[in-house]
Amino acid sequence: QVQLVESGGGLVQAGGSLRLSCAASGGAFSTYTMGWFRQAPGKEREFVAVISQYGSSTDYRDSVKGRFTISRDNAKNTVYLQMKSLKPEDTAVYYCAAGNRGSQIRRRDEYDYWGQGTQVTVSS
């Protein structure tokens, strides 16, 4: 019942920054755990970051810690992923997801709703 729409992807140089947004509609946004995943060509979709219901806690995969920041604005029904010091290995399609099965879930099958994805390309 929740619809998610990502925006903000594009082409950036290594070392640059990009901010992704995910706008949600059709549900009680503040009660959902929100996550970001990414999928590179030939690879499985992998966990990137998660923020708990109401935004009280966050977690990240090790390779993006210190560079990426996930946040949410419940008044705007929007979750963000601020990406800094981007590397070519960050190149992927980035997906926003919503779930209600836990506070810091990392598994793809624990999320109920997915956006269509937005392409992020980092050039060397």
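Being a predicted model, the structure only gives us computed values, none of them experimental.

Procedures and definitions
- Residues numbered from 1 in each chain as written.
- Predicted model: local features only at pLDDT ≥ 70, side-chain atom pairs only at ≥ 80, totals over all residues.
- Heavy atoms only, no water.
- Buried < 20%, exposed > 50% of the residue type's maximum accessible area, 1.4 Å probe, protein only.
- Helix = DSSP H or I, 4+ residues; strand = E, 2+ residues; numbered from the N terminus.
- Polar contact = N/O pair within 3.5 Å; in protein donor to acceptor, adjacent residues only side chain to side chain.
- Contact = heavy atoms within 4.5 Å.
- Disulfide = S-S within 2.5 Å.

(A) Up close: unusual backbone geometry. One non-glycine residue, Asn 77, adopts positive backbone phi at about 50 degrees. A relative accessible area of 29% places Asn 77 in the partly exposed class. One non-glycine residue with positive phi stands out, namely Ser 85, at about 50 degrees. When you line up the elements, Ser 85 lands in the loop between strand S8 (78-83) and strand S9 (92-99). Owing to a relative accessible area of 41%, Ser 85 belongs among the partly exposed residues under this scheme.

(B) Quick peek at the side chain of Thr 33. For Thr 33, the position within the fold is in strand S4 (residues 33-39). Of the polar contacts made by the side chain of Thr 33, one reaches the backbone oxygen of Gly 102; its length is 2.3 Å. Ignoring any residue separated from it by four or fewer positions in sequence, one finds Thr 33 in contact with Val 50, Ile 51, Ser 52, Gln 53, Arg 72, Ala 97, Ala 98, Gly 99, Gly 102, Ser 103, Ile 105 and Tyr 111.

(C) The arrangement of the state of the cysteines in detail. Tallied over the full model, the rule gives 1 disulfide. Across the disulfide, Cys 22 is cross-linked to Cys 96 (sulfur-sulfur distance 2.2 Å). When the S-S torsion is -85 degrees, as for the bridge of Cys 22 with Cys 96, the disulfide is left-handed. Here the residue Cys 22 occupies a position in strand S3 (residues 18-25), and Cys 96 occupies one in strand S9, the gap between them amounting to 74 residues. Each member of the pair, Cys 22 as well as Cys 96, is classed as buried.

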